[in-house]
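Each chain, written out:
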Amino acid sequence: MASVIIMPKQGLLMEEGTITKWLVKEGEQTTEGAPLFEMETDKLTITMDSTATGTVLKILHPEGDTVPITQPIAIVGQPGEDISALLGGEAPAAAPAATAPEAPTAEAAPAPKPVVERAPGERAFSSPRARLRAEENGVDIAAVPGSGPDGLVVERDVQNYIANQPAVTPLAANQARIQGIDLSGLTGTGPNGKITTEDLHIASAAVEPAPAAEPIPGQLTRGTRTEAMSGMRKAISRNMLTSKSTNAQTNHRMVVDMTAAVALRRQYKALGIKISYNDIIVRACAKALQDFPIVNASVDGSDIVYHDYVNIGTAVSVPGGLIVPVIRDADIIGLTGIAAKSAELIEKAREGRLTEADYHGGTFTVSSLGMFDLDDFVAIINPPESAILAVGKIAKTPVVVTDDESEDQVVIKSMCALCLSYDHRIIDGAEAAKFLQKLKSYLQNPILLI
C-alpha cells in the first residue's frame, strides 16, 4: 500500500519548511531511513530521511516550494499502484441525513440587547473581565461593540467578537493590526485554515501596483527586483516584529574600562589558551545574571518565569541572516568552558551543522558588533528572553583619572560601550542600571571571573 510522505515538524515553533532539493527523483527507489530530500527551516538547512520503503511514485511539491508542516509532499509505493485516492480523488457521497423529529415549539427567546457602535476615536468603556479577555486574545478593546449599559463592553461582547473573526495565527493577527490589513476577505492556508503571515504577504503582493512613470528619453532606466525571503529571514522578521510589538523595550548605556580584561586575555594567550573578548563578556554576564535573576527571567502571560539556569545566546552572522546558538549553563562551566563551547557553536553555525538543541532555550543574549568598528548600538530583545546586551568596539581612549593624591591626569584606557535593552514590563530601570553596574565591576576586575 502506498505511503504519503509529509513535511515533518522540526522544533516546536516550526510552521513550514522549504524543499531545497529532492535527493530521490520520481521513479527511483528509496528505503525507510535513507536521505530523501533537503529542506530549509527558519534556522538551518537539514537532510530529511524517508519514512517509507518503495518507489517514489509522485512528488507533490517541487524544489523551492514552501510547505506547511504535516502537509503531503510525496507518495511512495509499488510501481503501477493506484494512488488516485491519495492525489485528492473524490470522496464517496455522504448518506442522506435522517430527518430529525420536529422539536416542540419553545417559548420565544428574549431579544438580544442592542449593540452600541462607537464613533471613530470615541473612548471605549469596558468591564475588567472584558479587558482581560481582550488582552489574552490580542484584541483591541476599542474595536469591540458594547452591549452593556450605555455601550459598556462586557466579556460576552469580546467572546462574540472573537467568534466572528477569521481564524488567524497570533503573529499574523499582530502584523495585520500593525499594518492595518483587513482579514475579512482573506482565505487562510495554514493548519485548519488559519490565516498566516504568508497569507498577509500574498494579499499585500496582490494589490495592483501604481502604473510606472514613462521613461525620459536618454535617461538611464533602472528598475526593481523582488526575491522571496528565505526561511531564516522569515524567522528573523517574525521574531523581531513580535519582540517590538509585545515587549516594553527600553535601554541603558554604560562605558566600561576593559584594560584589565585586555591584560587577562593576553595572559591566557601566553599560556596557549584561546579566549576572546566576547567569552570574557559572556562570563561576566553569567555571574551578573546570578546576582540579578529578574534579568534572566521571562514573561508568560501574566506570570514571571524565573530560570534557575543561565543559558546565554551569542549572535552569530551567517550567510543570509543571523542565528543565536546558546551556551548552556554559562554560570557553572567557567571562562575556559565558555570559550571552548563558543568556538564549537560558531563553527557549527557557519557550517550549517547546528541542531535544534543548539539554538533553543536561551535566557539572555550577547550581541557584539565591535569587529565592524561600531562604537555602540541598540539590539532588539530575542523573545522569549527579557534582555539583550549590545557590545561595541574596544578602543583606546583618553580618560581622566584621579590618583591617590587627588590629582587628575589623562591616561589611555581600553574603553568599551555596552547597551542593555530590557523589557520594562518586569525589569525596572533601577534594576537594569544595577545589573550594568555589577557587569562593569566584573569586567574591570576580571580576576573575579576566573
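Residues numbered from 1 in each chain as written. Predicted model: local features only at pLDDT ≥ 70, side-chain atom pairs only at ≥ 80, totals over all residues. Heavy atoms only, no water.

### Some details on the overall build of the protein chain
(1) Moving on: Scanning the protein chain for helices and strands turns up 10 helices and 18 strands.
(2) Moving on: Summarising the internal contacts of the protein chain: among those between residues at least 6 apart in sequence, 61% fall at separations of at least 24.
(3) Moving on: Carbon and sulfur atoms make up 54% of the accessible area of the protein chain, which totals about 26400 Å². (Helix = DSSP H or I, 4+ residues; strand = E, 2+ residues; numbered from the N terminus. Contact = heavy atoms within 4.5 Å. Areas by Shrake-Rupley, 256 points an atom, 1.4 Å probe, with all protein chains shown as cover.)

### A few points about the nonpolar core
(1) Moving on: Core analysis: the biggest nonpolar cluster contains 53 residues, and I312, F364, L389 and L439 have the highest contact counts within it.
(2) Moving on: With 8 residues, the single largest contributor to this core is helix α7 (residues 277–291). (Core = buried A, V, L, I, M, F, W, Y, C linked by side-chain atoms within 4.5 Å. Buried < 20%, exposed > 50% of the residue type's maximum accessible area, 1.4 Å probe, protein only.)

### A look at the sheet that holds strand β1 (residues 3–6)
Strand pairing in a sheet relies on backbone hydrogen bonds. The paired strands run either parallel or antiparallel.
(1) Moving on: Strand order in the open sheet formed by 4 strands is β1-β8-β6-β3, and the pairing between neighbours is antiparallel. With partners counted over all chains shown, the strands left at the sheet margins are β1 and β3 (29–30), one partner each. (Pairing = 2+ DSSP bridges.)

### Quick notes on the confidence of the model for the protein chain
(1) Moving on: Scored by pLDDT, the protein chain has a mean of 83; 84% of the residues are at 70 or more.
(2) Moving on: Low pLDDT, under 50, characterises residues 89–109; the stretch is placed with 1 contact to residues that sit more than four places away or in other chains. (pLDDT = per-residue confidence, 0-100.)

### Considering a nonpolar patch on the surface
(1) Moving on: A contiguous nonpolar surface patch, about 210 Å² in accessible area, is contributed by V4, I6 and L86.
(2) Moving on: Among the secondary structure elements, V4 is positioned in strand β1. (Patch = residues over 30% accessible without salt bridge, like charges linked within 9 Å, V, L, I, M, F, W, Y side chains within 5 Å. Salt bridge = Lys/Arg side-chain N within 4 Å of Asp/Glu carboxyl O.)

### Things to note about the side chain of N296
(1) Moving on: Relative to the helices and strands, N296 resides in the loop between α7 and β10 (298–300).
(2) Moving on: The residues touching N296, leaving out its near neighbours within four places in the chain, are L289, H307, Y309, V310, T363 and F364.

### Brief notes about the environment of G188
(1) Moving on: Within the secondary structure, G188 sits in the loop between α3 (170–179) and α4 (197–206).
(2) Moving on: Here G188 falls in the buried class, since its relative accessible area comes to 18%.
(3) Moving on: Distance in space between the C-alpha atoms of G188 and T169 is 9.7 Å, their sequence separation being 19 residues.
(4) Moving on: With residues up to four places along the chain from it excluded, the contact list for G188 reads G193, K194, I195 and D199.

### Quick notes on the sheet that holds strand β2 (residues 16–22)
(1) Moving on: One open sheet holds the 4 strands; their spatial order is β5-β4-β2-β7, and the pairing between them is antiparallel. Strands at the two margins of the open sheet, each flanked by one partner only, are β5 (45–49) and β7 (66–68). The mean angle between the axes of side-by-side strands here comes to 40°, regardless of whether they run parallel or antiparallel. (Axes fitted to C-alpha atoms, helices over the stretch in contact; angles between N-to-C directions.)

### Looking at the side chain of S147
(1) Moving on: Secondary-structure assignment places S147 in the loop between α1 (128–136) and α2 (155–163).
(2) Moving on: On the basis of relative accessibility, which here comes to 7%, the residue S147 falls in the buried class.
(3) Moving on: Polar contacts involving the side chain of S147 include one to the side chain of D157, which spans 2.6 Å. (Polar contact = N/O pair within 3.5 Å; in protein donor to acceptor, adjacent residues only side chain to side chain.)

### Describing the environment of A130
(1) Moving on: Here A130 lies in helix α1.
(2) Moving on: With 26 residues separating them in the primary sequence, A130 and R156 have C-alpha atoms 7.7 Å apart.
(3) Moving on: Residues within four places of A130 in sequence aside, it is in contact with I141, V153, V154, E155 and V158.

### Regarding helix α8 (residues 334–350)
(1) Moving on: End to end, α8 covers 24 Å across 17 residues, agreeing with the expected 24 Å (1.5 Å per residue, within 8%).
(2) Moving on: Burial in α8 covers these residues: G334, L335, I338, A339, S342, L345, K348 and A349.
(3) Moving on: The inward-facing, buried residues of α8 contact α6 (259–270), α7, β13 (316–318), β14 (321–323), β15 (326–327) and α9 (356–359).
(4) Moving on: Downstream of α8 by one or two residues, G352 has phi in the positive range, about 70°. (Expected span 1.5 Å × (residues − 1).)

### Section: the packing of aromatic side chains
(1) Moving on: Applying the stated rule across the entire model yields 3 aromatic pairs.
(2) Moving on: Ring centres 5.3 Å apart and planes at 45° place the aromatic pair W22 and F37 in the tilted group. With W22 in strand β2 and F37 in strand β4 (residues 35–40), this pair connects stretches of sequence that are 15 residues apart.
(3) Moving on: On the basis of relative accessibility, which here comes to 1%, the residue F37 falls in the buried class. (Phe/Tyr/Trp six-rings, centres within 6.5 Å; stacked < 30°, edge-to-face > 60°.)

### Things to note about the pattern of salt bridges
(1) Moving on: Taken as a whole and judged by the stated rule, the model has 12 salt bridges.
(2) Moving on: When the shortest N-O distance is used, the salt bridge between E16 and K234 registers 3.4 Å. With E16 in strand β2 and K234 in helix α5 (residues 231–246), the pair connects residues that are 218 residues apart, well separated along the chain.
(3) Moving on: Here E16 falls in the partly exposed class, since its relative accessible area comes to 24%.
(4) Moving on: Under the relative-accessibility criterion, K234 is labelled buried at 14%.
(5) Moving on: Across the pair E351 and R353 runs a salt bridge, and its minimum N-O distance is 2.6 Å.

### Focus on the pairing of β2
(1) Moving on: Across 3 bridges, β2 lies against β7 in antiparallel orientation. Within the sheet, the bridge partner assigned to E16 lies in β7 and is P68.
(2) Moving on: Here 4 bridges tie β2 to β4, and the two strands are oriented antiparallel to one another. Directly across from K21, in β4, lies its bridge partner E38.

### Thoughts on the packing of α7 against α8
(1) Moving on: Interaxial distance between α7 and α8 falls to 9 Å at its minimum, and their mutual angle equals 125°. Here α7 is positioned oblique relative to α8, judged by the angle of their axes. Along this stretch, α7 crosses α8, giving a crossing that reads as right-handed. Where α7 approaches α8, its residues D279, I280, V282 and R283 are matched on the opposing element by G334, L335, I338, A339 and S342. (Parallel < 35°, antiparallel > 145°, perpendicular 65-115°, else oblique. Left-handed = near helix turned anticlockwise from the far one by under 90°.)

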